[in-house]
Amino acid sequence: MKAVVYQGPFSVSVEEVPDPELKHPNDVIVKITSSCICGSDLHMYEGRTAAEPGIIFGHENMGVVAEVGSAVKSLSVGDRVVMPFNVGCGFCKNCQRGYTGFCVTVNPGFAGGAYGYVAMGPWRGGQAEYLQVPHADFNCLPLPAGDEFESDFALLADIFPTGYHGTELADVSPGESVAVWGAGPVGLMATYSCIIRGAAEVYSIDHVQERLDKASEIGATPINFDDGDPVQQIRDMRGGDGVDKTVDAVGYQAAAQGSSAAGGEQDEIPNVVLNEMIDLINPTGIMGIPGLYVPSDPGGVDEGAKRGALSINFGKLFEKGLKLGTGQCNVKQYNAYLRDLIISGKATPSFVVSHEVPLDDAVDAYDKFDKRIDGYTKVILNP
Ligand SMILES: NC(=O)c1ccc[n+]([C@@H]2O[C@H](COP(=O)([O-])OP(=O)(O)OC[C@H]3O[C@@H](n4cnc5c(N)ncnc54)[C@H](O)[C@@H]3O)[C@@H](O)[C@H]2O)c1
Ligand SMILES: [Zn+2]
Ligand SMILES: [Zn+2]
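What follows concerns the site of ligand 1. Residues in close proximity to ligand 1 total 33 residues, the closest being Gly39, Gly182, Gly184, Gly251 and Leu292. Looking at the shell around ligand 1, the elements with two or more residues in it are helix 1 (39-45), helix 6 (185-196), strand 9 (201-206) and helix 9 (272-280). Among the elements that take part in the shell around ligand 1, helix 1 stands out by supplying four residues, more than any other. When the residues that make up the shell around ligand 1 are grouped by side-chain class, the tally is 19 nonpolar, eleven polar and three charged. Domain assignment of the residues forming the shell around ligand 1 places at least three in each of domain 1 (2-158 + 330-382) and domain 2 (162-326).

Below, the structure written as structure tokens:
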């Protein structure tokens, strides 16, 4: 089959690899219909992780069941399914409590597994024609047959639940004011989730104009941080007040004001979003941090950043009595509910999708999405 294979910094190829096989009676093989490129893939693509060449990328996968292991109870050939990017077992101490992003059996020695991702276990990615899905009864979310809502459902693998997770970590509630850093796919989904949850005011901070335009379209107030300190811009709009809640949908590769928007070229300040959040949020607020921070960054801006040690204003955080939540999204906690919002017409997350292209166009799509040019906001590969 064909698959997207990591070759080294700023290089992927589409090449022939062996087909996946049923390795355990609980596995299914899914014929992929949609697999998205994620901002998380860019950390590997840019050589900012320990990823080695040869990884098949793709953790945002949906398709149709093509083969079923003998022990699988709930799925049949032909079923339409979407898989959380997390691989979970369903029976370990963390999966049992709903923390499927921290499964302790699918990636021995580590809490958390995913498809096609460095340090997340042996699971191949789904930017390919077929995918092996372990513990299939647990990991496959059933979808209505047919091809309706394809691009909405594809976002259930990661960014819609992850954006929602940011608002859950921050406990965003009706009538609140929220600032969301990042109007990438995750940030836009967090902004959208704030609106779904009834926030009164949502500020979306970025410096890529097409992305800020999408945030405006769904009812948020866009804040371009290249125009000046975003904290001051928001305070000025609010008569000096801060906000109730904040969400960091940027992570450790945060750009400095005025630097290039292209991921590989920007000047970075890895702690800038964390400190801006502490600065803007009102006392007793809650900060949700789905944006990625890593314990090892080969391209870190200084010695601390290289080992994930960032300087944050903890004194201010304590003085304000703030809370914060971090970590991988436990996609399975939300995906069935978010699916049903899509089916009932109450959520249409596909507004974020800018490009749907064949698998063969993955090389060009990675390049443009990484440079954040030509409106490349969210790309779905259709093998
Ligand atoms: N916790 C999880 O489970 C999970 C899941 C998926 C993605 N992520 C992470 O979420 C983050 C966002 O993912 P994405 O796909 O939207 O990535 P992305 O790279 O497409 O988007 C990030 C956005 O942040 C903007 N940005 C950069 N510096 C900024 C700053 N100083 N202030 C405000 N905005 C700034 C960029 O211009 C870009 O639009 C990444 O770190 C990704 O790894 C986490
Ligand atoms: Zn993703
Ligand atoms: Zn588990």
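There is more to say after this.
Before going further, it helps to spend a moment on unusual backbone geometry. The phi torsion at His135 lies on the positive side, around 40 degrees, for a residue other than glycine. Unlike most non-glycine residues, Phe149 shows phi in positive territory, near 60 degrees. With respect to the helices and strands, the residue Phe149 is situated in the loop between strand 7 (141-142) and helix 4 (150-154).

Let us look at the pairing of strand 3 (residues 28-37). Counting buried positions along strand 3 yields nine of ten residues, so the element is predominantly enclosed. In the sheet, strand 3 pairs with strand 4 (residues 60-68) via eight bridges, with the strands oriented antiparallel. Bridge pairing links Val28 to Val68 in strand 4. Sheet topology note: the strand 3/strand 6 (residues 130-133) ladder contains four bridges and is antiparallel.

Before going further, it helps to examine the environment of Ser34. By the element assignment, Ser34 lies in strand 3. Residues Ser34 and Val82 lie 48 residues apart in sequence; the distance between their C-alpha atoms is 9.2 Å. For Ser34, the residues in contact, after removing those within four places along its chain, are Met62, Glu150, Ser151, Ala154, Ile380 and Asn382.

Criteria and cut-off values
- Residues numbered from 1 in each chain as written.
- Chains lettered and ligands numbered in written order.
- Predicted model: local features only at pLDDT ≥ 70, side-chain atom pairs only at ≥ 80, totals over all residues.
- Near = placed C-beta within 6 Å.
- Helix = DSSP H or I, 4+ residues; strand = E, 2+ residues; numbered from the N terminus.
- Nonpolar A, V, L, I, M, F, W, Y, C, P; charged D, E, K, R; others polar.
- Domains from an automatic or database assignment.
- Buried ≥ 20, exposed ≤ 12 C-beta atoms within 10 Å, placed from the backbone.
- Pairing = 2+ DSSP bridges.
- Contact = placed C-beta atoms within 7 Å.

This is a description of form; function is not addressed.
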